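Okay, here's what each chain looks like letter by letter:
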Number of protein chains: 2
Amino acid sequence: MSLGNKHEPTQCQLVGDVLARVGDKWTVFVVRLLADRPMRFNELKRAVDGISQRMLTLTLRGLERDGLVTRTVYPTVPPRVDYALTDLGQTLITMLQGLGEWAIANRPTIVAARAAYDARAAE
Amino acid sequence: MSLGNKHEPTQCQLVGDVLARVGDKWTVFVVRLLADRPMRFNELKRAVDGISQRMLTLTLRGLERDGLVTRTVYPTVPPRVDYALTDLGQTLITMLQGLGEWAIANRPTIVAARAAYDARAAE
DNA sequence: CGGTATCCCCAGGGATACTG
DNA sequence: CAGTATCCCTGGGGATACCG
């Protein structure tokens, strides 16, 4: 097996891709909400504090494209669109959960490190 | 305990912070390299393909500020600076490992979903 | 209701030159 | 060697207006 093969990205690149996917400004919030239950567009918009209509659309389109979210249109009047996590999306939640635990466990340490660093820089 | 307390960020925000920290363009590559052993500045620069001097500096400063990396200066001529992961940085590696496994396991699914989505969009 | 389309701004990040 | 300083450009993302 060739490690330099351009068609087989390194693990680093794969991790980078995942982070690029899920590390944008809004994805985590949307995914977190959909973890509980399917939601409609404006319902999400109201729930995700501060998101613009444009960014909600882009975020959902991206998730849909990667197979993490399904978009279901009910051809009623007025139209109704439901967004829901796919099975793949559910597995992503597990990853984020792990990240959340790490964040909670280590935030005090990080905050302290930051304060110490900034104090040194300011002197 | 109050969940709406502004001094206690939601878990979503914490995850978002971690992702913002580690989800930038270069951090994963640098952290991955330092996981093996401490490295010098230009050594890192050569190892991380395509990174600019400026961005390597900024990335390392950020990691140092958050207590994930230590910076050790040896006052020799020419100067020598070693960067190494802290214990906290090591725990981060564990998280990234998990992300990497998820990425490897699910990439085929994601690639397929993307192809399918793009095919629909193009028709 | 659930979007597109358009305009605009600013931070992330590259290239280059200079320094202790 | 290990940076800082400066310039510049792209694209992420907000605000607003319009559409089926």
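No experiment lies behind these values; they were computed from the predicted model shown.

Student: What should I look at first to understand the interface of chain B and chain A in this one?
Tutor: Where interface size is given, it is often the accessible area lost as the parts come together that is meant. Every contact between the two is made by 42 residues of chain B and, on the other side, 42 residues of chain A. For the pairing of chain B and chain A, the buried interface totals around 3,800 Å² over both sides, and the portion due to carbon and sulfur atoms is 75%. Put simply, chain B and chain A have 4 salt bridges between them. Measuring nitrogen to oxygen at the nearest pair gives 2.7 Å for the salt bridge that ties Arg114(A) to Asp66(B). Where chain B packs against chain A, one counts 8 residue pairs in polar contact (both at pLDDT 80 or more).

Student: Looking at this structure, I do not really get the protein's contact with DNA strand C. What am I missing?
Tutor: Taken together, 19 residues lie near DNA strand C, and Gln53(A), Arg71(A), Tyr83(A), Arg54(B) and Met55(B) sit nearest. In the model, a phosphate oxygen of DNA strand C is placed 2.9 Å from a nitrogen or oxygen of the Arg40(A) side chain. Of all the elements in the fold, those that place two or more residues in the surface near DNA strand C are α3 (41–47), α4 (53–65) and β3 (80–85) of chain A together with α4 (53–65) of chain B. With 4 residues, the single largest contributor to the surface near DNA strand C is α4(A). For the surface near DNA strand C, the residue count by class is 8 nonpolar, 4 polar and 7 charged.

Student: Quick question: what am I supposed to make of the protein's contact with DNA strand D here?
Tutor: Taken together, 19 residues surround DNA strand D, and among them Arg54(A), Met55(A), Gln53(B), Arg71(B) and Tyr83(B) come closest. Of everything in DNA strand D that lies within 4 Å of the protein, sugar and phosphate atoms constitute 66%. At a separation of 2.5 Å, a phosphate oxygen of DNA strand D approaches a polar side-chain atom of Arg71(B). With 4 residues, the single largest contributor to the surface near DNA strand D is α4(B).

Student: Can you walk me through the relation of the copies chain B and chain A in this structure?
Tutor: Here the second copy of the chain follows from the first by a rotation about an axis and a shift along it. Each copy superposes on the other: chain B lies on chain A with an RMSD of 0.0 Å after a rotation of 180° and an axial shift of 0.0 Å. Here the symmetry operator amounts to a two-fold rotation axis. Within chain B, Gly23(B) has its C-alpha nearest the rotation axis, a separation of 2.8 Å. Taken as a fraction of all interface residues of chain B, those also at the interface in chain A reach 100%, which identifies the copy contact as same-surface.

Student: Help me understand the pattern of salt bridges, please; the structure alone is not making it clear to me.
Tutor: Where charged atoms of side chains with opposite charge meet at close range, the side chains can pair. Residues and elements named next belong to chain A. As enumerated under the stated definition, the model contains 12 salt bridges over all chains in all. For the salt bridge of Arg 21 with Asp 66, the shortest nitrogen-to-oxygen distance reads 3.6 Å. Of this pair, Arg 21 sits in helix α1 (residues 11–22) while Asp 66 is found in the loop between α4 and β2 (69–74), placing the two residues 45 residues apart along the sequence. Residue Arg 21 is classed as buried on the basis of its relative accessible area of 17%.

What counts and what doesn't
- Residues numbered from 1 in each chain as written.
- Chains lettered and ligands numbered in written order.
- Predicted model: local features only at pLDDT ≥ 70, side-chain atom pairs only at ≥ 80, totals over all residues.
- Heavy atoms only, no water.
- Contact = heavy atoms within 4.5 Å.
- Buried area = accessible area lost by both parts, 1.4 Å probe.
- Salt bridge = Lys/Arg side-chain N within 4 Å of Asp/Glu carboxyl O.
- Polar contact = N/O pair within 3.5 Å; in protein donor to acceptor, adjacent residues only side chain to side chain.
- Near = heavy atom within 4 Å.
- Helix = DSSP H or I, 4+ residues; strand = E, 2+ residues; numbered from the N terminus.
- Nonpolar A, V, L, I, M, F, W, Y, C, P; charged D, E, K, R; others polar.
- Least-squares fit on C-alpha atoms with pLDDT ≥ 70 in both.
- Buried < 20%, exposed > 50% of the residue type's maximum accessible area, 1.4 Å probe, protein only.

Limitation: the analysis is restricted to geometry and does not speak to function.
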